[in-house]
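Below are the chains, spelled out letter by letter.
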Amino acid sequence: MTVPESAWLGALRDALGERVSVQPGDLNAHARDEGTALTCTPGAVVLARSEADVLGALAVAREFGVPVTPWGAGTSLEGAALPVPGAISLDLTGLDTVGEVDPVGWTVTVGPGVRRLALNRRLRPHGLFFPVDPGADASLGGMAATNASGTTTVRYGGMREHVAALRVALLDGRVVTLGSAARKSSSGYALKSLFIGSEGTLGVITSLTLRLHPLPPVTASAQLAFPDVGAAVGASLALRGLGVLPERLEFVDAATVRAVNRHRDRRDPEEPTLWVEVAGRDPADADAQLALASEAAALHGGRVVGEARTPEAAGALWAARHGVYDALRAAWPGHATRIGDVCVPLPALAGTAALALRLLDEGGLTAPLVGHIGDGNLHLLMHAPPEDADAWARIDHVLHSLAAHAVAVGGTCTGEHGVGLRKRAYLRAEHGDALDVMRDVKALFDPRGLLNPGKVVGDPGTLPAPLQHLF
């Protein structure tokens with residue numbers, strides 16, 4: 001029996017008062033994310049300001065059987081933050097406190113709504129920083145929920161490596177603390193890791209204790225150009241073989257450099273390009289690592305086309321890499337975009353990049369190829385007019401073929417964007433019978449399927465019939 005919206009909405013207002021919004025502006029702001037064309041308008045937005053507010057929203061969801069989807073910055077690219085239409089979007093951006101920085105243990109406890117860039121501004125006077133950088137100014141809770149990573153993963157790892165402890169509100173009303181600030185533990189099951197990457201399907205993160213790092217004494221960067229994609233990939237592997245562990249190691253193909261040159265009036269060589277940033281104890285140490293980067297490039301027919309040893313010079317050098325998305329939008333105005341994301345073992349990286357380029361050519365498509373190449377993570381920035389159904393069918397074919405290939409060579413269908421709605425189709429091939437175990441875990445924490453239903457391991461068939469075609 002479906003509960004009338006007026007009943008649960010009234011209960012929600014009784015519990016949370018003005019923190020419940022049904023204003024069209026708030027509903028529309030929570031109806032879309034950055035990566036999907038779907039519009040899924042919630043029935044109400046809860047603008048939580050405390051853990052008690054989260055528990056209040058979950059209590060109403062539990063009592064009335066109303067689905068609830070956590071919301072952070074809305075930067076999801078795979079539909080993870082889309083609400084069930086007509087249900088509750090639980091906005092956690094108001095949980096934005098930053099605790100005292102521990103200058104000895106290098107940790108800080110934050111609310112899930114704290115943004116990455118704001119946190120690093122707070123940390124800089126302490127000589128510390130939080131290294132996980134997905135590009136977007138995402139919320140820390142959302143980053144943990146999707147196990148985000150990004151440009152610095154090659155050196156530091158992703159969110160799992162940097163969340164020391166979590167507080168999580170469960171649907172049954174309990175709040176559990178998982179992990180601790182201790183550097184290691186042999187105590188109990190690793191439940192903390194279970195919730196990192198669960199995308200709000202098992203519980204709602206209400207605070208995080210994060211591991212920090214000291215700011216590097218010296219950094220330096222180099223831009224390296226290559227005759228072809230295979231050479232760039234080979235150089236990236238050679239660099240690691242020479243003992244250099246870069247802060248960042250990024251790749252773009254020639255078409256991407258061309259687009260950025262037009263957009264930013266640059267004159268970078270329009271060839272496959274690597275950017276590498278290294279950190280050293282002193283300038284001599286950084287210079288020695290840049291020399292090794294030059295050696296790795298030369299071994300594969302590449303050359304140094306730019307270097308930077310000051311923050312200002314580094315900003316100019318890296319501008320082409322950081323300007324990729326804006327250049328794409330400018331090069332194809334009016335086009336909708338979709339970003340493919342796969343990660344493969346390093347030995348399979350060159351073949352995967354070659355496959356991506358071949359699939360684009362066969363489909364008559366153009367798409368910048370960008371990679372966090374040091375950890376085997378490739379992105380295709382697909383684009384087409386929103387109304388061009390044929391182009392989107394060809395795009396779907398390319399992205400499907402690439403995801404299936406990544407799984408087949410021992411990689412993953414999603415390196416850092418999460419599963420959400422779009423990548424569920426590949427989980428059986430990637431995880432086999434373990435997918436059934438994941439669904440058992442989901443049923444244990446959320447037996448009625450109310451937490452972010454339809455996402456990650458969710459089966460659309462478990463949703464009410466009118467919603468199945470959406471998810």
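It should be noted that the structure appears before, not after, this text.
Quick caveat, the model's predicted, so the values are computed rather than measured. (Residues numbered from 1 in each chain as written. Predicted model: local features only at pLDDT ≥ 70, side-chain atom pairs only at ≥ 80, totals over all residues. Heavy atoms only, no water.)

Asker: Would you mind showing me how to read the overall build of the protein chain here?
Answerer: Counting its regular elements, the protein chain contains 17 helices and 17 strands. For a compact globule of 471 residues, the expected C-alpha radius of gyration is about 23 Å, and the protein chain comes in at 23 Å, within 12% of that figure. Overall, the protein chain is about 70 × 55 × 45 Å in size when its C-alpha atoms are taken along their principal axes. By the burial criterion, 54% of the 471 residues in the protein chain qualify as buried. Taking the contacts inside the protein chain whose residues are at least 6 apart along the sequence as the reference set, 71% of them involve residues at least 24 apart. Roughly 19500 Å² of accessible area belongs to the protein chain as shown, and the carbon and sulfur atoms make up 55% of that amount. Distance between charge centroids for the protein chain: 2 Å, based on 41 positive and 50 negative side chains. (Helix = DSSP H or I, 4+ residues; strand = E, 2+ residues; numbered from the N terminus. Rg over C-alpha atoms; globule rule 2.2 N^0.38 Å. Buried < 20%, exposed > 50% of the residue type's maximum accessible area, 1.4 Å probe, protein only. Contact = heavy atoms within 4.5 Å. Areas by Shrake-Rupley, 256 points an atom, 1.4 Å probe, with all protein chains shown as cover. Lys, Arg positive; Asp, Glu negative; His and termini not counted. Charge placed at Lys NZ, Arg CZ, Asp CG, Glu CD.)

Asker: Explanation requested: helix H3 (residues 51-64) in the structure shown.
Answerer: The periodicity of an α-helix, 3.6 residues per turn, causes residues three or four places apart in sequence to face the same way. The terminal C-alpha atoms of H3 lie 20 Å apart, and with 14 residues this matches the ideal 20 Å at 1.5 Å per residue to within 8%. Those residues of H3 that fall on the buried side of the exposure criterion are Asp 53, Val 54, Gly 56, Ala 57, Leu 58, Val 60, Ala 61 and Phe 64. Positioned one or two residues after H3, Gly 65 has a phi angle of 70°, which is positive. (Expected span 1.5 Å × (residues − 1).)

Asker: How should I be thinking about the sheet that holds strand S4 (residues 88-91) in this particular structure?
Answerer: The strands that make up a sheet pair up through hydrogen bonds in the backbone, lying either parallel or antiparallel. A sheet is described by the order of its strands in space; here 4 strands give the open sequence S1-S2-S4-S3, paired in mixed fashion. Sheet topology places strand S1 (20-21) and strand S3 (68-71) at the edges, where each strand pairs with a single neighbour. As judged from the 2 bridges shared by S1 and strand S2 (residues 44-47), these two strands associate in the antiparallel manner. Note on S2: the bridge partner recorded for Ser 21 is Val 45. Lying over the sheet, H3 contacts S2, S3 and S4, oriented at roughly 165° with respect to S4. (Pairing = 2+ DSSP bridges. Axes fitted to C-alpha atoms, helices over the stretch in contact; angles between N-to-C directions.)

Asker: Quick question: what am I supposed to make of the environment of Asp 33 here?
Answerer: By secondary structure assignment, the location of Asp 33 is in the loop between helix H2 (24-29) and S2. C-alpha separation for the pair Asp 33 and Ile 339, spaced 306 residues apart in sequence, amounts to 13 Å. When residues no more than four places from it in sequence are discounted, the contact partners of Asp 33 are Gly 74, Ser 76, Leu 77, Glu 78, Gly 79, Ala 80 and Leu 82. A polar contact is formed between the side chain of Asp 33 and the side chain of Ser 76, at a distance of 3.4 Å. (Polar contact = N/O pair within 3.5 Å; in protein donor to acceptor, adjacent residues only side chain to side chain.)

Asker: Help me understand the sheet that holds strand S8 (residues 175-179) in this model?
Answerer: Strand order in this open sheet of 4 strands is S5-S9-S7-S8, and the pairing throughout is antiparallel. Two strands close off the open sheet at either side, each with one partner strand: strand S5 (107-110) and S8. Averaged over neighbouring strand pairs, the angle between their axes works out to 15° when direction is ignored. Pairing analysis gives 6 bridges linking strand S7 (residues 163-169) to strand S9 (residues 204-211), with the strands arranged antiparallel. Its bridge partner lying in S9, Val 163 is registered against Leu 210.

Asker: Is there a simple way to think about the side chain of His 30 in this case?
Answerer: Secondary-structure assignment places His 30 in the loop between H2 and S2. Separated by 2.7 Å, the side chains of His 30 and Asp 91 make a polar contact. Apart from the residues lying within four places of it in its own chain, the contact partners of His 30 are Cys 40, Pro 42, Val 45, Trp 71, Pro 83, Ser 89 and Asp 91.

Asker: Help me out: how do you make sense of the packing of aromatic side chains in this one?
Answerer: To describe a pair of aromatic rings, you give the distance between the ring centres and the angle between the ring planes. What the rule picks out here adds up to 2 aromatic pairs. Look at Phe 129 and Tyr 156: their rings are 5.7 Å apart centre to centre, the planes differ by 85°, and that puts the pair in the edge-to-face class. Taken together, the positions of Phe 129 in strand S6 (residues 128-129) and Tyr 156 in helix H6 (residues 153-156) put the pair 27 residues apart, joining distant regions of the chain. Above the face of the Tyr 156 ring, Arg 155 is positioned so that its terminal group lies 5.7 Å from the ring centre. (Phe/Tyr/Trp six-rings, centres within 6.5 Å; stacked < 30°, edge-to-face > 60°. Lys NZ or Arg CZ within 6 Å of the ring centre and 35° of its normal.)

Asker: When you look at the packing of helix H9 (residues 254-264) against helix H12 (residues 324-331) in this model, what are you seeing that I'm missing?
Answerer: Packing of H9 against H12 leaves a shortest axis separation of 9 Å and a crossing angle of 75°. Comparing the axis directions of H9 and H12 gives the class roughly perpendicular. Counted together, Thr 256, Ala 259, Val 260, Arg 262, His 263 and Arg 264 of H9 and Val 324, Asp 326, Ala 327, Ala 330 and Ala 331 of H12 form the full contact between these two elements. When its residues are assigned to classes, the contact of H9 with H12 shows 6 nonpolar, 2 polar and 3 charged. (Parallel < 35°, antiparallel > 145°, perpendicular 65-115°, else oblique. Nonpolar A, V, L, I, M, F, W, Y, C, P; charged D, E, K, R; others polar.)

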